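An overview of the molecular structure
For reference, the chains in residue letters:
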Amino acid sequence: TITNIINVNIILCVGTILMGKYIIDFIWGGNKFDDNDVNLAYLFLLFNVVAIVFSSLGSVYRKMAVSHGKSKALYSCWVISQLLSALFTYFLLKYFAINGLYFIIPINTFLMGVVSFLVYRFSTKEDAPQIRKASIYIGISLIIIACLFNFSIFSRVEITNLRMILGISLFTTALISY
């Protein structure tokens, strides 16, 4: 269901926020890449996680639209969204240079997901799948807490004990999957 996909996305977001920099530093850190390169890769990873959230929700609606026989309309609308994405890409790169790359993938997946949702909604009389609002509020709260924890505490305190971060990630997993 949609709620399960949202729950997995929340776990992915919190885990990436809390552990992403350590994993990138473990893989790429050291002699070849300095802290600036690792921070840049971590920032790009965060933007791509946002894209994964849009993409996973859009893929559910894409499958539902195709199952209702609206694949031709869906793919025609996708062409329009890809052209819009190319236009956004041009302006982002022109005016923001390399920093515009952060936004390209999330914008593209957002457009594709919205098109999939709209084609599904207009192709059927059925209601969209119900989403448990409580789990979304809990998930957004956990993402905000992870952001506050990561971007305020980590910038002031050097943490060498990864067990605390893993514990928070596991706690998030337990809360989301109630």
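Residues numbered from 1 in each chain as written. Predicted model: local features only at pLDDT ≥ 70, side-chain atom pairs only at ≥ 80, totals over all residues. Heavy atoms only, no water.

1. So, the overall build of the chain
Counting its secondary structure elements, the chain contains six helices and zero strands. Helices and strands in the chain line up, N terminus first, as α-α-α-α-α-α. Across the chain, every contact between residues at least 6 apart in sequence was considered, and the portion connecting residues at least 24 apart equals 78%. Of the roughly 11,300 Å² that the chain leaves accessible, carbon and sulfur atoms contribute 70%. (Helix = DSSP H or I, 4+ residues; strand = E, 2+ residues; numbered from the N terminus. Contact = heavy atoms within 4.5 Å. Areas by Shrake-Rupley, 256 points an atom, 1.4 Å probe, with all protein chains shown as cover.)

2. Observations regarding the nonpolar core
Judged by nonpolar contacts, the single largest core of 25 residues is most densely connected at Val14 and Leu18. Taken together, the elements giving at least two residues each to this core come down to α1 (2-28), α2 (35-67), α3 (71-96), α4 (101-123) and α5 (133-156). (Core = buried A, V, L, I, M, F, W, Y, C linked by side-chain atoms within 4.5 Å. Buried < 20%, exposed > 50% of the residue type's maximum accessible area, 1.4 Å probe, protein only.)

3. Structural notes on unusual backbone geometry
Positive phi values are uncommon outside glycine, yet Ala97 reaches one of about 55 degrees. If you trace the backbone, Ala97 turns up in the loop between α3 and α4. For Ala97, a relative accessible area of 44% puts it in the partly exposed group.

4. Notes on the packing of aromatic side chains
Scanning the model with the defined rule gives eight aromatic pairs in all. Ring geometry for Phe54 versus Phe110: centroids 5.1 Å apart, planes at 65 degrees, classification edge-to-face. One end of the pair, Phe54, is in helix α2; the other, Phe110, is in helix α4, and 56 residues separate them in sequence. A relative accessible area of 28% places Phe54 in the partly exposed class. According to the relative accessible area criterion, Phe110 is partly exposed, its value standing at 41%. (Phe/Tyr/Trp six-rings, centres within 6.5 Å; stacked < 30°, edge-to-face > 60°.)

5. Brief notes about a nonpolar patch on the surface
On the surface, a cluster of nonpolar side chains totalling about 830 Å² of accessible area is made up of Ile80, Leu84, Leu87, Phe88, Tyr90, Phe91, Tyr95 and Phe96. Structurally, the position occupied by Phe91 is in helix α3. Phe91 gets classed as partly exposed once you look at its relative accessible area, which sits at 37%. (Patch = residues over 30% accessible without salt bridge, like charges linked within 9 Å, V, L, I, M, F, W, Y side chains within 5 Å. Salt bridge = Lys/Arg side-chain N within 4 Å of Asp/Glu carboxyl O.)

6. Regarding α3
Between its first and last C-alpha, α3 extends 35 Å over 26 residues, near the 38 Å set by a 1.5 Å rise per residue. What α3 keeps buried is the set Leu74, Trp78, Ser81, Ser85, Thr89 and Leu92. Elements in contact with the buried residues of α3: α2 and α4. One or two steps after α3, the chain reaches Ala97, where phi turns positive at roughly 55 degrees. (Expected span 1.5 Å × (residues − 1).)

7. What to know about the side chain of Thr109
Turning to its location among the elements, Thr109 is positioned in helix α4. Other than its neighbours up to four places away in sequence, Thr109 contacts Ala51, Phe54 and Ser55.

8. Quick look at the packing of α2 against α4
Packed helix pairs are specified by the crossing angle of their axes together with the interaxial distance, meaning the distance between the axes. One way to put it is that α2 packs onto α4 with a least axis distance of 8 Å and a crossing angle of 15 degrees. Comparing the axis directions of α2 and α4 gives the class roughly parallel. When you trace α2 past α4, the crossing you get is left-handed. Across the contact of α2 with α4, the residue classes tally to 19 nonpolar, six polar and one charged. (Axes fitted to C-alpha atoms, helices over the stretch in contact; angles between N-to-C directions. Parallel < 35°, antiparallel > 145°, perpendicular 65-115°, else oblique. Left-handed = near helix turned anticlockwise from the far one by under 90°. Nonpolar A, V, L, I, M, F, W, Y, C, P; charged D, E, K, R; others polar.)

9. Thoughts on the environment of Phe117
As for its placement among the helices and strands, Phe117 is situated in helix α4. For the pair Phe117 and Leu57, spaced 60 residues apart in sequence, the C-alpha to C-alpha distance is 8.7 Å.

10. Digging into a negative patch on the surface
Taken together, the side chains of Asp25, Asp34, Asp35 and Asp37 define an acidic patch exposed on the protein surface. Tracing the backbone through its elements, the reader meets Asp25 in helix α1. Given the relative accessible area of 38%, Asp25 is considered partly exposed. (Lys, Arg positive; Asp, Glu negative; His and termini not counted. Charge placed at Lys NZ, Arg CZ, Asp CG, Glu CD.)

Geometric values such as these leave the question of function open.
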